[in-house]
Amino acid sequence: MKKLLYAAVLVCSLVLATPALAHSPIMGIGGVFGGVLHALLIPEHGMGLLALGLALGRQQTIVRSSGILIFMAAVKVGLVVTAVIPEQALAADVLLAAAGILGLLVAAAWLPALLCWPLAAIAGVAFALDSRPEVASTEETLRMLIGTGLGGIIALAVVSEGSAFLQGNVSRIVLRVFGSWIAAIAIMDLSLRIVTRLATG
Amino acid sequence: MAPGVASFASRRKISRSLLHPLPLAAMLITSSDALAHSENGAAIDFAGGFTHPIFGPDHVIAMVAVGLWGAFLGVPAIWVLPVVFPLVMAVAGAVGVAGVPLPGVEIGIALSAIALGGMVAFAAKPPLWVAAILVGAFAVFHGHAHGAELPVGADAIAYSMGFVVATGMLHASGIAFGGLSHWPSGRVAVRAAGAVISLIGVAYLVRSI
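Residues numbered from 1 in each chain as written. Chains lettered and ligands numbered in written order. Predicted model: local features only at pLDDT ≥ 70, side-chain atom pairs only at ≥ 80, totals over all residues. Heavy atoms only, no water.

*Asks:* Even after reading the chapter, I still don't get the overall build of chain B, so can you show me in this structure?
*Replies:* Per the secondary structure count, chain B includes nine helices and zero strands. Ordered by position from N to C terminus, the α and β elements of chain B give α-α-α-α-α-α-α-α-α. Among the 209 residues that make up chain B, the fraction classed as buried is 46%. Within chain B, counting contacts between residues at least 6 apart in sequence, those at least 24 apart form 83% of the total. When the accessible surface of chain B is split by element, carbon and sulfur atoms take 74% of a total near 10,200 Å². (Helix = DSSP H or I, 4+ residues; strand = E, 2+ residues; numbered from the N terminus. Buried < 20%, exposed > 50% of the residue type's maximum accessible area, 1.4 Å probe, protein only. Contact = heavy atoms within 4.5 Å. Areas by Shrake-Rupley, 256 points an atom, 1.4 Å probe, with all protein chains shown as cover.)

The structure is reproduced here in structure tokens:
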């Protein structure tokens, strides 16, 4: 009987578990690890990192490494600003716009380094500015911001280095299709955001 | 009565008495909140975006036709057309979301099914740029129709992701079926599918006029 009750409670607990929503605190997970998850679980951030990673993955090693370093520096600057200034209203929009442009470039397979580097800087700053966690404590905020920075940089490095290995014709086609999807999602999301903002004031 | 049987019967009795309230309690506890919905009842989340193109048969046949035609034309059309379509569709969708009117949307959608299905049925092989422009032009109507119907609300990115992924999967299903054109009998099947799509498009055109 007890087993049955335990099973029922377990099932209820599992079913009750809700997905992590955009910018809501991840219940029970804080600190640096919470920040890492924050960087990876927010769709806008994930899409921005994916687009930038795919774009950098198509570059030569030096250009790719430089792009990651530029992103790293931009994230640091952005995180410092985020720690000081709490509200960054348009950061997500800027990150989406950067992701959309990068997606278009990946779809077109036209990725000049001089275009990728500024986009890496813009994406890095916007990513950091949009990453302020909704927690009350300053220490916890700083810990989560550090985690967010680490998570974003590691994710970008993994995606860009991983996509650099995709060299066959089929892989290139898949990357182009992914790029077009990212661009299409960014365009739709941006338009919906702007219209929603205008409609709701 | 054997002890084992008695204990089994008693256990069964207890289980029955417990099992009736337990599912009820579980259902009551696990009933979730109503998520963001638009005024017309469409969910504004990934599932809502994913099902939006799938539940419109006129959109489905046109998107499948894009994949079919791409597969029929071969490389590079097999990926160029499914890349062009969502990009143009998203831009037109943004225009639709903004409330900019586009006349003859339903007619355009019906014509897209007729034309794209016809291209497959007649095994038309125009230059790539012509095919891309044609697909892009029809994507304008599909994108605008979707954009105009889009609910203004929360979780725009999840909705957009679902929408684009569903569109891509419809293209992929068309490409997969179009892959049959490598064999003579499969080629007949693909062209027949194109003809069917075209005929369905005619039915939609008659209805929309």
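Back to the text.
*Asks:* Which parts of the structure should I look at to understand the packing of helix α3 (residues 46-54) of chain B against helix α8 (residues 156-178) of chain B?
*Replies:* The description of two helices packed together rests on the angle between their axes and the distance between the axes. Residues and elements named next belong to chain B. At a closest axis distance of 6 Å, the pairing of α3 and α8 adopts a crossing angle of 35°. Seen from above, α3 lies across α8 with right-handed handedness. Across from F46, G48, G49, F50, H52, P53 and I54 in α3, the residues of α8 making contact are A158, Y159, M161, G162, F163, V165, A166, T167, M169 and L170. (Axes fitted to C-alpha atoms, helices over the stretch in contact; angles between N-to-C directions. Left-handed = near helix turned anticlockwise from the far one by under 90°.)

*Asks:* Just checking my understanding: could you explain the pattern of salt bridges for this structure?
*Replies:* Side-chain pairs of opposite charge can arise where the charged atoms are in close proximity. All names here are of chain A. Inspection of the entire model under this criterion finds six salt bridges over all chains. Close ionic contact of E44 with R193 constitutes a salt bridge, the shortest N to O distance being 2.2 Å. Residue E44 is found in helix α3 (residues 43-57), and its partner R193 is found in helix α8 (residues 169-200); the two are separated by 149 residues along the sequence. Here R143 and E140 are joined by a salt bridge, their closest N and O atoms 3.2 Å apart. Taken together, the residues R143 and E140, both in helix α7 (residues 138-164) and three residues apart, mark about one turn of the helix. (Salt bridge = Lys/Arg side-chain N within 4 Å of Asp/Glu carboxyl O.)

*Asks:* Where do I start with the side chain of H52 of chain B in this structure?
*Replies:* Residues and elements named next belong to chain B. With respect to the secondary-structure elements, H52 resides in helix α3. Judged by its relative accessible area of 18%, H52 falls in the buried class. A polar side-chain atom of H52 sits 3.2 Å from a polar atom in the side chain of H146. Contact partners of H52, with chain neighbours within four places excluded, come to H146, E149, Y159 and F163. (Polar contact = N/O pair within 3.5 Å; in protein donor to acceptor, adjacent residues only side chain to side chain.)

*Asks:* What exactly am I supposed to notice about the environment of F177 of chain B here?
*Replies:* Relative to the assigned elements, F177 of chain B resides in helix α8. Ignoring anything within four residues of it in the chain, the contact list for F177 of chain B reads L68, A189, V190 and A193 of chain B.

*Asks:* Help me understand the packing of helix α6 (residues 105-121) of chain B against helix α7 (residues 128-149) of chain B in this model?
*Replies:* Residues and elements named next belong to chain B. Two elements in contact, α6 and α7, have axes whose closest approach is 9 Å; the angle formed by their N-to-C orientations is 145°. Handedness of the crossing formed by α6 with α7: left-handed. Residue-level contacts link V105, G108, I109, L111, S112, A115, L116 and M119 of α6 to L134, V135, F138, F141, H142, H144 and A145 of α7. Considered class by class, the residues forming the contact of α6 with α7 number eleven nonpolar, four polar and no charged. (Nonpolar A, V, L, I, M, F, W, Y, C, P; charged D, E, K, R; others polar.)

*Asks:* What exactly am I supposed to notice about helix α2 (residues 31-41) of chain A here?
*Replies:* For an α-helix, 3.6 residues make a turn, and residues three or four places apart therefore share a direction. Restricting attention to buried positions, one finds in α2 of chain A the residues G31, G34, G35, V36, L37, H38 and A39 of chain A. Buried positions along α2 of chain A lie against α3, α6 (113-129) and α7 of chain A.

*Asks:* Just to check I follow, could you spell out a nonpolar patch on the surface for this structure?
*Replies:* Residues and elements named next belong to chain A. Taken together, V32, I146, L150, I154 and V158 make up a surface patch of nonpolar side chains, about 440 Å² in accessible area. The element best represented in the nonpolar patch is α7, accounting for four residues. Locating L150 in the fold gives a position in helix α7. Residue classification places L150 among the partly exposed positions, given a relative accessible area of 42%. (Patch = residues over 30% accessible without salt bridge, like charges linked within 9 Å, V, L, I, M, F, W, Y side chains within 5 Å.)

*Asks:* I'm lost on the environment of A164 of chain A in this one. Help?
*Replies:* Residues and elements named next belong to chain A. Inspection of the secondary structure puts A164 in helix α7. Spatially, the C-alpha atom of A164 lies 8.7 Å from that of Q60, the residues being 104 residues apart in sequence. Ignoring anything within four residues of it in the chain, the contact list for A164 reads G57, R58 and R64.

*Asks:* What am I meant to see in the packing of aromatic side chains here?
*Replies:* With the rule as written, the count across this model stands at three aromatic pairs over all chains. Between F178 of chain A and W181 of chain A the ring centres are 6.0 Å apart and the planes differ by 85°, which places this aromatic pair in the edge-to-face class. In this pair, F178 of chain A and W181 of chain A both sit in helix α8, three residues apart, roughly one turn of the helix. Exposure remark for W181 of chain A: the relative accessible area of 18% places this residue in the buried category. Ring geometry for F46 of chain B and F50 of chain B: centres 5.9 Å apart, planes at 20°, overall stacked. Of this pair, F46 of chain B and F50 of chain B both sit in helix α3, four residues apart, which is roughly one turn of that helix. Judged by its relative accessible area of 39%, F46 of chain B is partly exposed. (Phe/Tyr/Trp six-rings, centres within 6.5 Å; stacked < 30°, edge-to-face > 60°.)

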